[in-house]
Every structure is written in C-alpha cells, then in structure tokens.
Amino acid sequence: MGEIQGSPVWDHSTDIDDNSTQHDADAVEALFETVCSTVERFCQLDDTNTNPGIVLAQSKPPAELYWQAVHDVVELSKVEKILNKSSFMHKGYKNRRGLIGACAALAWEPAVDSARRAPGRTFELIAYRDRARWGSERVWDPKSAAVLSNVIPTSFDNYDFQNDIPRILPHTPCPVLYGIRGTASGELPRALEVVNTEESVDRWVIFETNHASDDHIQPLQIRQFQPYQSVQLGGGVTSEPMVMKGGHTFFELKDAEGDRVICAAYEPTKQFRDVVKGLIPGDKIVIYGGLRGPNGSNGDLFTGSDQKVPTVNLEKLEILGLEKEMGKVSNPRCPSCKKAMKSIGTNQGYRCKACGIHVDESAAEFAPEARKLELGFYEVPPCARRHLSCPIELFNKS
Ligand code: ZN
C-alpha cells in the first residue's frame, strides 16, 4: 500500500473486527506512544482550528457514528461515552473535537448497496515531500496531471479541463506533494511515473476513502432540513433564475408539500451557472447540495422579505422534465382589419395603426422554442467539487 524512502509499506491481513486477534499489550502501548509523540511533534497547536484527536482501537465503533458524523452534527459527549465504554486508547488535544473525526473515521465501513449510484469507497494515493522541501513552492509540470486520466482511466478529478486547473496538488505548505484519486487501488502507483515534479517522492501511501461516495447526501423534504446537512430534493422550478452581483445565480424550487427553497450556484461553480440560467418555471428537477449553518439564511431573495427560506448550495442537479418554453413568432393581426399590429413598447402590447385598436402582449403568436438543456445530470466542474461529492462519470461504475 506504499513505500517509505524505497521500503515497502504493508497493510494488515487480519480482519480487525475479529476480536480473537488481540495484539500484545506492550506493542499496542508502544504504537500509541509513537502516534501521540508524532502528532505532538508536528501539529500546529497554535492554530485555533487545530484540535487533534487520536483513537487506537482493536474493534470498530458502531457504524451509526460514521453516518451521523457525515450527515449531521455529533456532540463530543456522545463520542466520549463510546470511548469510555470501550477499551479504545485515545487522547484529545485542546477542545478535543478531533476525537469525533478520529472515532467516526474508524466507524466507517464502505456502503454496499446495489441501489447506490456512487461508489461505496474510492482510493487516494498520497505522495509526500522530502522534509527539506516542506513549505517551499512545488515545481512541476501541470500538463502531466492532464494526461493522468488517459494513463489511468480509473483515476478521477485529476484536472479540470473546462477551467484548465490541475486538481492533484494542494495549495498549502503541508508535506503532501500530490494526491491521485481512483476507483482501482492497484492502478494508482502508475501515477508516480506520470506526474512530473522537480523533486522526487520521499514516500507514498494508498488510502481507502469515502471521497466521491455521496455519503453526505440525504433525501429529505424541505421541512426536515437542518443546518449543515447535505440534501437530495425533488421539486419544480418556481422562478426565473436570478443573477446577482458577482455572478452568483439563484432560483426558487417548491417540493411536493409546497415548501420553498432557494437554490444557489455561486460564482466558483463557473460553467454550472449556465445550466442554472437555462432553467425556467415548471421544470422538474432533483437537486443535490449543502445547507449552510444556522445563521446562513439569505432571507427570502425572491420576495425580498426577511422570512428565512433555506438556501441549498448546489453540487449537482438532475433534470427530469423540461417545461415548454414559448417564444414569440410574430406580432398579432388586428382583430378588425387583419393587418399586422405594431408594438407600443416592451410589455405594453400592440396597436393597429389603421384602426387604433389595442391588444395586450399575449395576443402575439407564440410557438415552443428549442430548450438548450436536456434531461439528465449536470454538475459543478471539478474545481468546485467537494471531496465527498460523486462525479457523474463515476455513477454506476462499481
Ligand atoms: Zn386594424
């Protein structure tokens, strides 16, 4: 599963749920001490958002903890109860909330469900930098990320071709050189030959992950929405799309119960906003996206009131039905003399020059126009994708 300065790294071959495989207590203690001292040596405790947690377990915490963590908010007290009831070795630093993520990660088991479109798990090969390089600029050839999907067809999100942005390098001063995601772990090491960096890879490891699993998404009705959830919701478009300052684009959706939600495609979602701008009232769609925190309401953009209408930050949408869009074909004929009538001005109707008769806008001749959108899925480009969100190309692939 990896290499450290040329030496192979192996994963365990025993089932960690098998409680008969108890390891030597001294060895476990020594491992725990090694992990703690390594975290203490390298973590940046002066950062308010750094609150590490370490959990060492010889059996899994309940899977329900993972699902609650990925769907909702988990209180530290709940995790502490699990830790105290079990024999898990653990250590939390500062506000100790890192214990929640550590314990939830151990609780994770890839979902196996034939009805799922998204994979239950994917893999990521992480290549690390030599310590002397940490914090320095990464010198590399971004074009080498663009060819990865040809060399390793089971890899994904290497390069955003729509926006010409490579996706495999972090932009932080962390020890990671790059990360390659894929659905077949055995094919990932080929990336080491393809990604062209000035520095050599000091070490690499393949992780099993929930990236691209869509595990965060819950099918919910609007009246069930809670802050921070990610939701799947079917409904009808009830407003023309509205483009705000900065290019942020919004429309309103009503669900089967008649409740309303504001759907947002913010500027970083780039070309996805063109899809949203192509929607019209009456379109039947399913949206996928995240709700903001408890104070994250826009009010009601579409009535201008302060009423709190939830806003979903869209990740993707599926178009199930397209309303007929009617376009004007010609001006109306005068009901009296049958001559073509003249427009008085935008939305002011038509008048017959000869008879003086006035008719309103709707008297013109309309015919259905071709829609630019088709039925099916649309998604944000890779540069705007959250790591749990499943790219459409991976649907039904495993
Ligand atoms: Zn007339």
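Residues numbered from 1 in each chain as written. Predicted model: local features only at pLDDT ≥ 70, side-chain atom pairs only at ≥ 80, totals over all residues. Heavy atoms only, no water.

Undergrad: When you look at the side chain of R116 in this model, what are you seeing that I'm missing?
TA: Within the secondary structure, R116 is located in the loop between α4 (98-107) and β5 (122-128). Of note is the side chain of R116, whose polar atom sits 3.3 Å from the backbone oxygen of A118. Among the polar contacts listed, one links the side chain of R116 to the backbone oxygen of S213, at a separation of 2.8 Å. If we ignore the near neighbours within four places in the chain, the residues touching R116 are W67, A111, S213, D215 and N396. (Helix = DSSP H or I, 4+ residues; strand = E, 2+ residues; numbered from the N terminus. Polar contact = N/O pair within 3.5 Å; in protein donor to acceptor, adjacent residues only side chain to side chain. Contact = heavy atoms within 4.5 Å.)

Undergrad: Which parts of the structure should I look at to understand the nonpolar core?
TA: General note: in soluble globular proteins, nonpolar side chains tend to be found buried as a group. F225, F251, L253, V261, I287, L314 and L317 are the most contacted members of the largest nonpolar core, which has 25 residues in total. Secondary structure elements with two or more residues in this core: β12 (230-237), β14 (249-254), β15 (260-265), α8 (272-277), β16 (284-291) and β17 (311-321). Residue contributions to this core peak at 4 residues, all from β17. Not counting the four nearest positions on each side in its chain, F251 is found in contact with V237, S239, P241, V261, I262, C263, V276, L279, I285, I287, F302 and L314. Counting 20 residues, the second-largest nonpolar core is a separate cluster that includes F123, W140, L148 and I206. (Core = buried A, V, L, I, M, F, W, Y, C linked by side-chain atoms within 4.5 Å. Buried < 20%, exposed > 50% of the residue type's maximum accessible area, 1.4 Å probe, protein only.)

Undergrad: Mind showing me how you'd approach a negative patch on the surface here?
TA: Side chains of D24, D26, E29 and E33 sit close together on the surface and give a patch of like negative charge. Within the secondary structure layout, E29 lies in helix α1 (residues 25-42). (Patch = residues over 30% accessible without salt bridge, like charges linked within 9 Å, V, L, I, M, F, W, Y side chains within 5 Å. Areas by Shrake-Rupley, 256 points an atom, 1.4 Å probe, with all protein chains shown as cover. Salt bridge = Lys/Arg side-chain N within 4 Å of Asp/Glu carboxyl O. Lys, Arg positive; Asp, Glu negative; His and termini not counted. Charge placed at Lys NZ, Arg CZ, Asp CG, Glu CD.)

Undergrad: Even after reading the chapter, I still don't get unusual backbone geometry, so can you show me in this structure?
TA: The phi torsion of most residues other than glycine is negative, and most of the peptide bonds are trans. Non-glycine residue K94 carries a positive phi angle of around 50°. Notably, Y228 is not glycine yet its phi reads approximately 75°, a positive angle. Looking at the secondary structure, you find Y228 in the loop between β11 (217-219) and β12.

Undergrad: I'm lost on the sheet that holds β5 in this one. Help?
TA: Across a sheet, paired strands are connected by hydrogen bonds in the backbone, their directions being either parallel or antiparallel. Spatially, β2-β1-β10-β5-β9-β6 is the arrangement adopted by the 6 strands of the open sheet, whose pairing is antiparallel. In this open sheet, the two edge strands, each paired with only one partner strand, are β2 (7-9) and β6 (155-156). Of the strand pairs in this sheet, β5 and strand β9 (residues 176-182) are connected by 6 bridges, and their pairing is antiparallel. For A127, the partnering residue across the bridge sits in β9 and is Y178. (Pairing = 2+ DSSP bridges.)

Undergrad: Help me understand the domain arrangement of the chain in this model?
TA: Frequently, the measure chosen for interface size is the accessible area removed from exposure when the parts meet. Domain parsing of the chain yields domain 1 (2-107), domain 2 (122-209), domain 3 (217-322 + 372-387) and domain 4 (327-367). The centre of domain 2, based on its C-alpha atoms, is set 32 Å off from the matching centre of domain 3. Residue-level contacts link 7 residues of domain 2 with 6 residues of domain 3. At the boundary of domain 2 with domain 3, total buried surface from both sides reaches about 620 Å², with 41% on carbon and sulfur atoms. Applying the counting criterion to the domain 2 and domain 3 interface returns 1 salt bridge. When the shortest N-O distance is used, the salt bridge between D157 and R385 registers 2.6 Å. (Domains from an automatic or database assignment. Buried area = accessible area lost by both parts, 1.4 Å probe.)

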